[in-house]
Amino acid sequence: MASFSMDCSPSFCVPGLWNPFIIFRSRSSRRRLHSLGLAAMPEKRPFERLPADVSPINYSLCLKPDLLDFTFEGKLEAAAQVRQATNQIVMNCADIDIITASYAPEGDEEIHATGFNYQNEDEKVTLSFPSTLQTGTGTLKIDFVGELNDKMKGFYRSKYTTPSGEVRYAAVTQFEATDARRAFPCWDEPAIKATFDISLVVPKDRVALSNMNVIDRKPYPDDENLVEVKFARTPVMSTYLVAFVVGEYDFVETRSKDGVCVRVYTPVGKAEQGKFALEVAAKTLPFYKDYFNVPYPLPKIDLIAIADFAAGAMENWGLVTYRETALLIDPKNSCSSSRQWVALVVGHELAHQWFGNLVTMEWWTHLWLNEGFASWIEYLCVDHCFPEYDIWTQFVSADYTRAQELDALDNSHPIEVSVGHPSEVDEIFDAISYSKGASVIRMLHDYIGDKDFKKGMNMYLTKFQQKNAATEDLWESLENASGKPIAAVMNTWTKQMGFPLIYVEAEQVEDDRLLRLSQKKFCAGGSYVGEDCPQWMVPITISTSEDPNQAKLKILMDKPEMNVVLKNVKPDQWVKLNLGTVGFYRTQYSSAMLESLLPGIRDLSLPPVDRLGLQNDLFSLARAGIISTVEVLKVMEAFVNEPNYTVWSDLSCNLGILSTLLSHTDFYEEIQEFVKDVFSPIGERLGWDPKPGEGHLDALLRGLVLGKLGKAGHKATLEEARRRFKDHVEGKQILSADLRSPVYLTVLKHGDGTTLDIMLKLHKQADMQEEKNRIERVLGATLLPDLIQKVLTFALSEEVRPQDTVSVIGGVAGGSKHGRKAAWKFIKDNWEELYNRYQGGFLISRLIKLSVEGFAVDKMAGEVKAFFESHPAPSAERTIQQCCENILLNAAWLKRDAESIHQYLLQRKASPPTV
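All residue numbers here refer to positions counted from 1 along the written sequence of the relevant chain. Restriction of local features to residues with pLDDT of at least 70 applies here, the model being predicted, together with a cutoff of 80 or more for giving and counting side-chain atom pairs; totals for whole chains, interfaces and linings are based on all residues. Only hydrogens and water are removed before side-chain values are computed, so all heavy atoms of the structure are retained for them.

Named according to an unreviewed UniProt entry, the chain is Aminopeptidase originating from Homo sapiens. You can read under Sequence similarities (unreviewed entry) in the UniProt record for the chain the words "Belongs to the peptidase M1 family." UniProt positions are given in the numbering used here, feature names are shortened, and annotations may be inferred rather than shown by experiment. According to the UniProt record, the Catalytic activity (unreviewed entry) comment for the chain reads "Release of an N-terminal amino acid, preferentially alanine, from a wide range of peptides, amides and arylamides."

Next up, the structure:
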């Protein structure tokens, strides 16, 4: 499943919306965490997995959805194996009414169930039989009815508008993690695999799709307006990967070079918008086949855009479902960041067809293996398809640093989390499972080398195909392929939370450089204060200015302290740890080592990803109180010659975080002046219009820089944005897609009620979901209190799709100090409606995170905690803990550094630096 939080334009960073994991800490804040009761997760709910006495071999399932009454009828005939004699069958079942149930042992008479005992809290049903079911095979028959809900999970309804303007509904599915049980009674655990024969009874003018190809389509005897569509039998698979869709769609199709039929299904009339994803998918399937050396096992793969969809996408085997914005590209109206996002999400979901679908995690504890792996290899795939994207540098900003921000918290969690009750599963669809998982796999790939990594992956997929596996099984395969101590190394990264800070100092000894390294846990509040400090086995690479792109030495740091000798390093050469920012650790250099590295930022002799990593480490050390924030501001000024989009993107996000923090002071305008000083030179170099020979990254950089300058109130940028916006609205000169977000943001931030009304009108007129989302995300930039209220009311209106309400409210919270207070009040006032809408899924966690973690006053942590004690959100418990911790850390950072930052900014104003 593609993380919903990826579904945000990286073209410019709005604090609290585009960079949702904001963390800071001081030692005193840890004491306040405990006083607020925030430092430990609550007791886990008791939970038992399904009994193993009866298990399915095959599900023969027929569903008949009613697209007007929003109900469905179902008939299940499951070939089952009774492994141990019993008089009851326990299955998963939620929001379904069973009408009749029976079991017929092979060659024997049918036994009718005499009772259905629903355990609603555990989402189980126990079918009781009047006599004992003996060991052997038989057929379990169940007739049932259910509701096509509006919660974006299970078998649900999705609203769309036809080209003629009529509102209709499709019936679609989202089963991961534990929602197949809302569509049919089943053994809804990833390790209980079976084959599926699916039939759908649907209106004859609708498209019906499932995991496999259609093998029969015939009139339905009881109603001439319906047809029964039968699909081929699936391979052995888990319930969470089953899917079906009934609706109105167009499609484009091709065949991959391996002969697999690939289709992209789009809303009616928008087939053209599926062509980019089709091209990516057709390149991606053969890439994975070659990389894994295992063929794609199904005859077809469909990719389909769903109007109402909670996640980014879902990897259902052979029928991958997507948000419209994660699949559809309009050549004229889609921006560069949207193309890149679609390429990454397609790469992510198709990787799952092997890693997750063919070989599946044994239990949700190993979810990270699915998601972390797909989140890593999607970049490998996009780098293969689009080398011009420089995507691995973007990985560091998008995934690696984001994971480190979250993982420095006391309320983080290990990559591997023991999961029991279904309500706990949604909590681990977070930056640890996805982004830290991807980052440690990237580090592992670098440690092993590509050749042995591929060999180990093939061994793993071949050994466990159509079966289930645990993390240890992958380590064993990679260990056998590489001969390296993979399990010993990786257990230090997956079974304990956090990551190390490597402190390094150097001494010149004749012609050699002696490095003294030490490791300790990096904490968002500075020093680790526990009894036994955790240790990691850290693959460390060291480079020098002699060849900045090559490792001079690679070592495995497996103890708290180490001395390393670098041979033949001249006194004037710099030395840098963590080449390529691949190792999952932060580095603190001695002041002399850091001084020698800084010219490499200004003269660009440090590679881009190393410039990014150095700046990001320093910023995090400042947030943690280990160094002064002023020192980082001085380093940021050295980036005046920086040409790289991703380096600017990371710098922009960090300045955004600082701006959000300083919005709690009376010198917010001074930090905006600093932003303008840093970004003006690159803004002038780029200008507003593309130049001949520019590419994808130039377009991303221009959008980022103009958005940053416009938001900060840069006079020339603001005037030009207003001029171009006026021409756009009047139809004289339509804005290019890459300029729309920065222009919209700029005019709204510095606009009035008329500007907001024009923007809402553009939203209503927009035919493309990408454009609607683009507008929704910037509405929160408006500063006037009555307009902020208007935007919040709009967020819950029919004009905004349910999954997008979150980004509108989050945008308000990230837009201004007043917006943050207004968004929090709005959430409290509308909590019942919001919680009911998202039913405890991961969108509720995202909403809470975006809305509250920009606060920087101690008492707000207590207020947030108290509200959620009286308004429980079980699937967001960990998120709430993290947010409260972040608020205390923000407050500590502000108290610690606000005055020195203010003095520095005043000093700069008095004597501006020469660049």
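1. As for the sheet that holds strand β17 (residues 261-266)
Only when DSSP finds a minimum of two bridges between them are two strands counted as paired. Put simply, DSSP marks the helices as runs of H or I at least four residues long and the strands as runs of E at least two long, and each gets a number from the N terminus on. Read across the sheet, five strands follow the order β16-β17-β18-β20-β19 without closing on themselves; strand pairing throughout is mixed. Of all the strands in the sheet, the pair left with one neighbour each is β16 (250-255) and β19 (313-314). Pairing of β16 with β17 involves six bridges; the strand directions are antiparallel. Bridging across to β17, Arg255 finds its partner in Cys261. Between two residues, a contact is recorded if the distance between any of their heavy atoms is within 4.5 Å. Helix axes use the C-alpha atoms of the stretch in contact, all axes being lines fitted to C-alpha atoms, and the angles between their N-to-C directions lie in the range 0 to 180 degrees. Against the sheet, helix α3 (residues 336-352) contacts β18 (300-306), β19 and β20 (319-323), and its axis sits at roughly 150° relative to β20.

2. Concerning the packing of aromatic side chains
Note on ring pairs: Phe, Tyr and Trp rings are taken, using the six-membered ring of Trp, and paired if centres are within 6.5 Å. Classes follow the plane angle, with under 30 degrees stacked, over 60 edge-to-face and the rest tilted. Across all of its chains, the model carries 46 aromatic pairs by this definition. Look at Tyr59 and Phe184: their rings are 5.8 Å apart centre to centre, the planes differ by 80°, and that puts the pair in the edge-to-face class. One end of the pair, Tyr59, is in strand β1 (residues 54-66); the other, Phe184, is in the loop between β10 (167-174) and β11 (195-203), with 125 residues separating them in the sequence. Consider the rings of Trp376 and Trp392, whose centres lie 6.4 Å apart with planes at 40°: the pair is tilted. One end of the pair, Trp376, is in helix α4 (residues 367-385); the other, Trp392, is in helix α5 (residues 391-407), and 16 residues separate them in sequence.

3. Digging into the environment of Glu863
By secondary structure assignment, the location of Glu863 is in helix α27 (residues 858-870). Distance from Glu863 to Cys884, taken between C-alpha atoms, is 9.1 Å for residues 21 residues apart in sequence. Those residues in contact with Glu863, other than ones at most four positions away along the chain, are Trp824 and Lys828.

4. Some words on the pattern of salt bridges
Within this document, salt bridges are pairs made up of a side-chain nitrogen of Lys or Arg and a carboxyl oxygen of Asp or Glu, the two lying within 4 Å of each other. Counted by the stated rule, this structure contains 58 salt bridges. In this structure, Asp95 engages Arg182 in a salt bridge whose closest nitrogen and oxygen atoms are separated by 2.6 Å. Taken together, the residues Asp95 in the loop between β3 (86-92) and β4 (96-105) and Arg182 in the loop between β10 and β11 connect sequence positions 87 residues apart. The salt bridge involving Arg908 is made with Asp677; its shortest N-O contact spans 3.1 Å. Remark: Asp677 occurs in helix α16 (residues 668-686) and Arg908 occurs in helix α28 (residues 877-910); sequence separation between them is 231 residues. Under the scheme applied here, a residue whose accessible area is under 20% of the maximum for its type counts as buried, over 50% as exposed, and between as partly exposed, the area being computed with a 1.4 Å probe on protein chains only. Asp677 sits in the partly exposed class, given a relative accessible area of 42%.

5. Focus: unusual backbone geometry
Cis geometry marks the peptide bond from Glu176 to Ala177; its omega dihedral reads 10°. Position of Ala177 among the secondary structure elements: in the loop between β10 and β11. For Glu510, which is not glycine, the phi dihedral falls at a positive 55°. The residue Glu510 is located in the loop between β23 (500-509) and β24 (512-521) in this model. Within the chain, Asn568 stands out as a residue other than glycine whose phi angle is a positive 55°. On the secondary structure map, Asn568 appears in the loop between β27 (561-566) and β28 (575-577).

6. Observations concerning the packing of helix α8 (residues 450-464) against helix α9 (residues 471-482)
Relative orientation and spacing of two packed helices are given, respectively, by the angle between their axes and the distance between those axes. For the pair α8 and α9, interaxial distance at closest approach is 8 Å and the crossing angle is 135°. Classified by the interaxial angle, the pair formed by α8 and α9 is oblique. Taken as a pair, α8 and α9 cross one another with a handedness that is right-handed. Here Asp452, Phe453, Lys455, Gly456, Met457, Met459, Tyr460, Lys463 and Phe464 of α8 lie close against α9, whose contacting residues are Asp473, Leu474, Glu476, Ser477, Leu478, Asn480, Ala481 and Ser482. Here is the rule for angles: anything less than 35 degrees is roughly parallel, anything more than 145 is roughly antiparallel, 65 through 115 is roughly perpendicular, and the remaining ranges are oblique. Handedness of a crossing follows from how the near helix is turned relative to the far one, being left-handed for an anticlockwise turn of less than a right angle and right-handed for a clockwise one.

7. Details of the sheet that holds strand β26 (residues 553-557)
Pairing in this open sheet of three strands is antiparallel, and the strands run β26-β25-β28 from one edge to the other. Of all strands in the sheet, those bounded by a partner on one side alone are β26 and β28. Recorded for the sheet is a direction-independent mean angle of 25° between the axes of neighbouring strands. Pairing analysis gives five bridges linking strand β25 (residues 538-544) to β26, with the strands arranged antiparallel.

8. A look at the side chain of Thr234
With respect to the helices, strands and loops of the structure, Thr234 is situated in the loop between β14 (223-231) and β15 (244-247). N or O atoms within 3.5 Å of each other form a polar contact, as long as, within protein, one can give a hydrogen and the other can take it, and as long as residues adjacent in sequence are counted only when both atoms are side-chain atoms. In terms of polar contacts, Thr234 uses its side chain to reach the backbone amide nitrogen of Phe196, at 2.9 Å. Excluding residues within four positions of it along the chain, Thr234 makes contact with Ala194, Thr195, Phe196, Asn211 and Met212.

9. A word on the pairing of β27
Each regular strand carries side chains that alternate between the two faces of the sheet. Here β27 shows one buried face, formed by Met562, Val564 and Leu566, and one open face, formed by Glu561, Asn563 and Val565. By the bridge criterion, six bridges tie β24 to β27 in an arrangement that is antiparallel. Paired with Leu515 across the two strands is Val564, which belongs to β27.

10. Description of the UniProt feature "binding site: Zn(2+)" (unreviewed entry) in the chain
UniProt feature "binding site: Zn(2+)" (unreviewed entry): in the numbering of this structure it lies at His348, His352 and Glu371. Over a stretch of 24 residues, the named residues converge on one spot in the fold, their C-alpha atoms separated by at most 8.6 Å. Inspection of the secondary structure puts His348 in helix α3. Discounting chain neighbours no more than four positions away, the residues touching His348 are Met1, Ala2, Glu371, Ala374, Ser375, Glu378 and Tyr434. Here Met1 takes part through its backbone oxygen, which lies 3.1 Å from a polar atom of the side chain of His348. Among the secondary structure elements, Glu371 is positioned in helix α4. Within polar-contact distance, the side chain of Glu371 engages the backbone nitrogen of Met1 at 2.8 Å.

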